[in-house]
Amino acid sequence: MAAAAAAEIVREIASVGAADLAAAAEPLRADCLRLARKVSLLSHLVAEVADAGAGAGDAAAEAWLRDLVRALEAARRFVALGRTPAAAGASDQDAICKNTGLQFKYVTWQLQAALANLPHSCFEISDEVQEEVDLVRAQLRREMEKNGGLDVTVFMKVHDILAQIDNGAPQSQQPHQQPEQPQMEKFSNDDLELQNVVLLVSEISGLSKPDMTKIVSDLIQGLENVETPESPKPDNVDRQPPSDETKGSSEEVKKPDSVAIPEDFRCPISLELMRDPVIVSTGQTYERAFIQRWIDCGNRTCPKTQQKLQNLSLTPNYVLRSLILQWCEEKGMEPPSRSKSDGSPLEVAGNRLAIEALVRNLSSSSLDERKSAAAEIRSLAKKSTDNRILLAESSAIPALVKLLSSKDPKTQEHAVTALLNLSIYDQNKELVVVAGAIVPITQVLRTGSMEARENAAAAIFSLSLMDDNKIMIGSTPGAIEALVELLQSGSSRGKKDAATALFNLCIYQANKVRAVRAGILVPLIRMLQDSSRSGAVDEALTILSVLASHHECKTAISKAHAIPFLIDLLRSGQARNRENAAAIILALCKRDAENLACVGRLGAQIPLAELAKTGTDRAKRKATSLLEHLSKLQVL
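What you see is a predicted model; the values in this text were computed from it and never measured.

Novice: Please explain the overall build of the chain as it appears in this structure.
Specialist: Check the secondary structure of the chain and you find 33 helices and 3 strands. Sequence-distant contacts, at least 24 apart, represent 72% of the contacts inside the chain between residues at least 6 apart. Split by element, the accessible area of the chain, about 29,600 Å² in all, is 51% carbon and sulfur.

Below is the structure:
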């Protein structure tokens, strides 16, 4: 059965960890880990599909299940590549990276396409699982955008042939086919490049050689009359509409169509006039925003020459910038404005050797050296974005993750705080998670010193700002329970950090139930009673307002006898707390006559009437709606 096959593949891919991919070269290793994480989030989807029992007689359901299985099989083949030791030789390695990068693009495209076509009418998919599916699709789209433009024509052709084979169509038959070598000789260079793309995509799809040959032939025939772009971009450069970061390069520079921009003034990636040209280690010059984006996506080659970058320093090309400004003035054009620095490594390039030495000391046999290095990296990561970038590039994150298990409390504290500081830079959040930090951070959260627990909670909050991490953290055994424990018995700062992390995690639907089952309502009710600490009341109300949107949590809040405390806040709380209390009470009373009757018995009409007159617009709406519900209840 297709549903069972899909579930088995998901389990197999989800079980792949960093240790299984130790022999893989970067960026293949990171790609495999990210793909395994995303596929693991589909375990609930395939379980619900299997439980629904649909597909046996429904053509749409069966077709979709076959499509999903094909996508998962391609993902399994790609992850299997990561188990193979990296080939020796720098030039060979660059070619391998390029090839696996293209296969990764196809796998993410195919999986995203399958999820986009999920036939909801055939399966009873819960809201929580649908939320997971939507998040995985969003992650896959980001991967596709990050890895550049897609050759969708090739991808769709391979996809269609796979579908034909699955539907029982005979495989390609070409009785008059010429021998392979003479046929290849008839191809132009562009055709040979296309053939290479097809072979790589077909290989990861499990297609036979006759089918590969047919796809190449069909595509070349179909593309004969298509004009070739003047300047094809490097393989992994984003060809999608520019991001907010890079829009300025085309919007801010107004140039007449008649003015031809000298090629040396154009960025080889964007083909636009450069405003902040920088030189990479190969001597090529690029627009800073585009080459930084290229590097941030994990690429370590020069886009123009495909040579390996010896380092990631970006040196300003002041001479070229001066020439561009002079040329703009001569042509009567508005000169391109230079973008503000967002933390590129060039200003701190001189610290690279010192940082690399510190990172090496994290693995020293001496406890004192490890502790000292962790403390200094903690301080460096706190100071600037530049340091956070350089530290990540120097492989500080995996070394710090290992130190989270240190038996020395101070070393552990420095390590978790350093990871917190590094995660402030968004690009590092994923690196921290890929390095396997969630489980050891959870352990620190449970058993570390109070300061280490506080900073572990803050790290959880920082990492959970990425939507996909909310799922991973929430499903990590003991993570939410440890945060609830800190909320209940931690220091003042620890409780605040735990509350912030829990609020952010509970934005994701399934985590709301996990938090309630972990006992979060006990400390929240206690915080509502602590009128001496308005901050604690604010935090409790904020979390309760998120929980109250889930039916099971709403029932638990009512059983925890929260309504009397909420009504007390209506009477005597600060303006902001009165508004939030009214919103929570309204959520608890919707379609719940028992809760509404309880609110009426406790005399909430008077403070609600006052709030309806004097509160903010939102407070007035909530209070008025509650009064209307109470009025209808009395009539009944």
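Novice: Whenever I open this one, the environment of Tyr 106 confuses me. Can you help?
Specialist: In this fold, Tyr 106 is placed in helix H5 (residues 90–116). Accessibility expressed as a relative area gives 0% for Tyr 106, which makes it buried. Along the sequence, Tyr 106 and Ser 202 sit 96 residues apart, while their C-alpha atoms lie 9.7 Å from each other.

Novice: Would you mind going over the packing of helix H29 (residues 563–572) against helix H30 (residues 575–589) with me for this structure?
Specialist: The packing of two helices is summarised by the inter-axis angle and the distance between the axes. Viewed as axis vectors pointing N to C, H29 and H30 meet at an angle of 145°, and their least axial separation amounts to 8 Å. Crossing hand, H29 versus H30: left-handed. Across from Ile 563, Leu 566, Ile 567, Leu 569 and Leu 570 in H29, the residues of H30 making contact are Arg 578, Ala 581, Ala 582, Ile 584, Ile 585 and Leu 588. A per-class count over the contact of H29 with H30 returns 10 nonpolar, no polar and 1 charged.

Novice: I'm lost on the packing of helix H2 (residues 28–40) against helix H4 (residues 59–81) in this one. Help?
Specialist: Packing of H2 against H4 brings their axes to within 9 Å, and their N-to-C directions diverge by 145°. In the crossing of H2 with H4, the sense of the turn from one axis to the other is left-handed. Contacts between H2 and H4 involve Leu 28, Asp 31, Cys 32, Leu 35 and Val 39 from the former and Leu 72, Ala 75, Phe 78, Val 79 and Leu 81 from the latter. Classifying every residue of the contact of H2 with H4 by side-chain character gives 9 nonpolar, no polar and 1 charged.

Novice: Just checking my understanding: could you explain the sheet that holds strand E1 (residues 277–279) for this structure?
Specialist: In any sheet, the strands associate via hydrogen bonds between backbone groups, in a parallel or an antiparallel arrangement. The sheet built from 3 strands is open, its strands ordered E2-E1-E3 with antiparallel pairing. Two strands in the sheet have a free side with no partner beyond their single neighbour: strand E2 (285–287) and strand E3 (315–316). As paired strands, E1 and E2 are joined by 3 bridges and run antiparallel to one another. By the bridge assignment, Ile 279 is partnered in E2 with Thr 285. Contacting E1, E2 and E3, helix H12 (residues 288–296) crosses the sheet at an angle of about 95° to E2.

Novice: I'm lost on the nonpolar core in this one. Help?
Specialist: In summary, soluble globular proteins display a tendency toward joint burial of nonpolar side chains. In terms of nonpolar packing, the biggest core is built from 98 residues, with Ile 520, Leu 524 and Leu 547 touching the most fellow members. Among the elements that make up this core, the one with the highest residue count is helix H27 (residues 534–547) (8 residues). Apart from the residues within four sequence positions on either side, Leu 524 is in contact with Leu 487, Ala 540, Ile 543, Leu 544 and Leu 547. Judged by nonpolar contacts, the second largest core, of 58 residues, contains Ala 3, Val 49, Val 69 and Val 107.

Novice: Explain the pattern of salt bridges to me, please; I cannot follow it from the model alone.
Specialist: For side chains bearing opposite charge, pairing can occur when the charged atoms are close. Under the counting rule described, the total for this entry stands at 22 salt bridges. Of the charged contacts in the structure, one is a salt bridge between Arg 76 and Glu 12, with a shortest N-O distance of 3.1 Å. Residue Arg 76 is located in helix H4, and its partner Glu 12 is located in helix H1 (residues 2–14); the two are separated by 64 residues in the primary sequence. On the basis of relative accessible area, Glu 12 is assigned to the partly exposed category, the value being 34%. Between Asp 31 and Arg 34 there is a salt bridge, with its nearest N and O atoms 2.5 Å apart. In this pair, Asp 31 and Arg 34 are both assigned in helix H2, 3 residues apart and thus about one turn of the helix distant. Each of the salt bridges in this network shares a partner with another, and the network as a whole consists of Arg 378, Lys 410, Glu 413 and Glu 451.

Novice: Looking at this structure, I do not really get the environment of Ser 270. What am I missing?
Specialist: You can see Ser 270 is positioned in the loop between helix H11 (244–251) and E1. Judged by relative accessible area, Ser 270 falls into the buried class, the value being 13%. Sequence spacing of Ser 270 and Ala 289 is 19 residues, and the spatial spacing of their C-alpha atoms is 9.9 Å.

Novice: So what exactly am I meant to see when it comes to the side chain of Gln 103 here?
Specialist: Looking at the element boundaries, Gln 103 is found in helix H5. Take Gln 103: its relative accessible area is 2%, and that puts it in the buried class. Look past the residues within four positions of Gln 103 in its chain and what remains in contact with it is Phe 78, Leu 81, Leu 200, Glu 203 and Ile 204.

The rules we used
Every residue gets a number counted from 1 within its own chain, in the order that chain's sequence is written. With the structure being a predicted model, the display of local features is reserved for residues of pLDDT at least 70 and the display and counting of side-chain atom pairs for 80 or more, all residues being used for whole-chain, interface and lining totals. As a rule here, side-chain values come from all non-hydrogen atoms in the structure, and water together with hydrogens is ignored. We count a stretch as a helix when DSSP gives it H or I for four or more residues in a row; a strand needs E for two or more, and each element gets its number in order from the N terminus. In what follows, residue pairs with any heavy atoms lying within 4.5 Å of each other are defined as contacts. Accessibility throughout is a Shrake-Rupley quantity obtained with a 1.4 Å probe, and a residue counts as covered only by protein chains that appear here. Each residue is placed in one exposure class: buried if its accessible area under a 1.4 Å probe, protein chains only, is under 20% of its type's maximum, exposed if it is over 50%, and partly exposed if it falls in between. Here the axes come from fitting lines to C-alpha atoms, over the contacting stretch only for helices, and the angles between their N-to-C directions go from 0 to 180 degrees. Crossings are assigned a handedness: left-handed for a near helix turned anticlockwise from the far helix by less than a right angle, right-handed for a clockwise turn. Residue polarity follows a fixed list, in which Ala, Val, Leu, Ile, Met, Phe, Trp, Tyr, Cys and Pro are nonpolar, Asp, Glu, Lys and Arg are charged, and the others, Gly among them, are polar. Strand pairing requires that DSSP identify at least two bridges connecting the strands. By nonpolar core is meant a set of buried Ala, Val, Leu, Ile, Met, Phe, Trp, Tyr and Cys residues that side-chain atoms within 4.5 Å join together. Take a side-chain nitrogen of Lys or Arg and a carboxyl oxygen of Asp or Glu: if they are within 4 Å of each other, that pair is a salt bridge.

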